[in-house]
Amino acid sequence: MKKSHVLIGACVVSAVAAFIVFRSDPIEEASPQATVSRDGLVAIQMPPIEGNAAIGQRVFDASCATCHGVNAVGIDGAGPPLIHKIYEPSHHADEAFQSAVSQGVRSHHWQFGDMPPVDGLTRGDVAMVIAYIREIQRANGIN
């Protein structure tokens, strides 16, 4: 086989590999802030996260995402989406989140079972998580 054929073949393989690795998700092309949850229970628009909400996102990812999913979209069989009308501030005030984390909560809206208390989080940590959740909720019309 000629060197030129090997070189062309290597270039084609590299181009295909680059396409697979770097291709855009069609939803991201339509809206750069769109997030479609493949494992979650809801699809959301993800806003820019800054300030206290960014701190809350880090806490959420470390302590809450295992059950409630990345960006709080829920996980089937584990925990409900918090980006949902049920959790709007007029129905679940910020203190409801504080209480759920510190004391746990009995299942009442969803069939996920009871939520146990979450150890190791302060009220300040939870306040930051609430800022994060409320930011995403507002971006999705949940006020």
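Just so it is clear, the structure is predicted and the values come from calculations on it, not from any experiment.

Colleague: Help me understand the environment of glycine 124, please; the structure alone is not making it clear to me.
Modeller: Mapped onto the fold, glycine 124 is located in helix H6 (residues 123–139). Between the alpha carbons of glycine 124 and glutamine 98 there is a distance of 9.5 Å; along the sequence they are 26 residues apart.

Colleague: How should I be thinking about the confidence of the model for the chain in this particular structure?
Modeller: In regions of low pLDDT, the predicted coordinates are not meant to be interpreted in detail. On average, the chain scores 82 in pLDDT, and the residues at 70 or more come to 73%. For residues 4–34, every residue scores under 50 in pLDDT, and the model assigns this stretch 13 contacts once sequence neighbours within four places are set aside.

Colleague: How should the packing of helix H5 (residues 94–103) against H6 be read in this particular structure?
Modeller: The description of two packed helices rests on the angle between their axes and on the distance between the axes. Where H5 contacts H6, the two axes come as close as 10 Å, and the packing angle between them is 130°. In terms of their interaxial angle, H5 and H6 are classed as oblique. As for how H5 packs across H6, the hand of that crossing is right-handed. Residue-level contacts link Asp94, Glu95, Phe97, Gln98 and Val101 of H5 to Arg123, Val126, Ala127, Ile130, Ile133 and Arg134 of H6. In the contact of H5 with H6, the residues fall into six nonpolar, one polar and four charged.

Colleague: Could you clarify how one ought to interpret the nonpolar core in this entry?
Modeller: One broad trend across soluble globular proteins is that nonpolar side chains are buried collectively. The biggest cluster of nonpolar side chains holds 25 residues, and the ones touching the most others in it are Phe60, Tyr132 and Ile133. Within the residue set of this core, elements represented by two or more residues are helix H3 (51–63), H5 and H6. Considering each element in turn, this core owes the most residues, six residues, to H6. Ignoring any residue separated from it by four or fewer positions in sequence, one finds phenylalanine 60 in contact with Ala65, His68, Gly69, Asn71, Ala72, Leu82, Val129, Tyr132 and Ile133.

Colleague: In this structure, what is going on with the pattern of salt bridges? I would like to understand it.
Modeller: A pair can form between side chains of opposite charge whenever their charged atoms are brought close. Counted under the stated rule, the structure contains four salt bridges. The salt bridge involving arginine 138 is made with glutamate 135; its shortest N-O contact spans 2.9 Å. Of the two residues, arginine 138 and glutamate 135 both sit in helix H6, three residues apart, roughly one turn of that helix. You can call arginine 138 partly exposed: its relative accessible area is 46%. Under the relative-accessibility criterion, glutamate 135 is labelled partly exposed at 28%.

Calculation rules
- Residues numbered from 1 in each chain as written.
- Predicted model: local features only at pLDDT ≥ 70, side-chain atom pairs only at ≥ 80, totals over all residues.
- Heavy atoms only, no water.
- Helix = DSSP H or I, 4+ residues; strand = E, 2+ residues; numbered from the N terminus.
- pLDDT = per-residue confidence, 0-100.
- Contact = heavy atoms within 4.5 Å.
- Axes fitted to C-alpha atoms, helices over the stretch in contact; angles between N-to-C directions.
- Parallel < 35°, antiparallel > 145°, perpendicular 65-115°, else oblique.
- Left-handed = near helix turned anticlockwise from the far one by under 90°.
- Nonpolar A, V, L, I, M, F, W, Y, C, P; charged D, E, K, R; others polar.
- Core = buried A, V, L, I, M, F, W, Y, C linked by side-chain atoms within 4.5 Å.
- Buried < 20%, exposed > 50% of the residue type's maximum accessible area, 1.4 Å probe, protein only.
- Salt bridge = Lys/Arg side-chain N within 4 Å of Asp/Glu carboxyl O.

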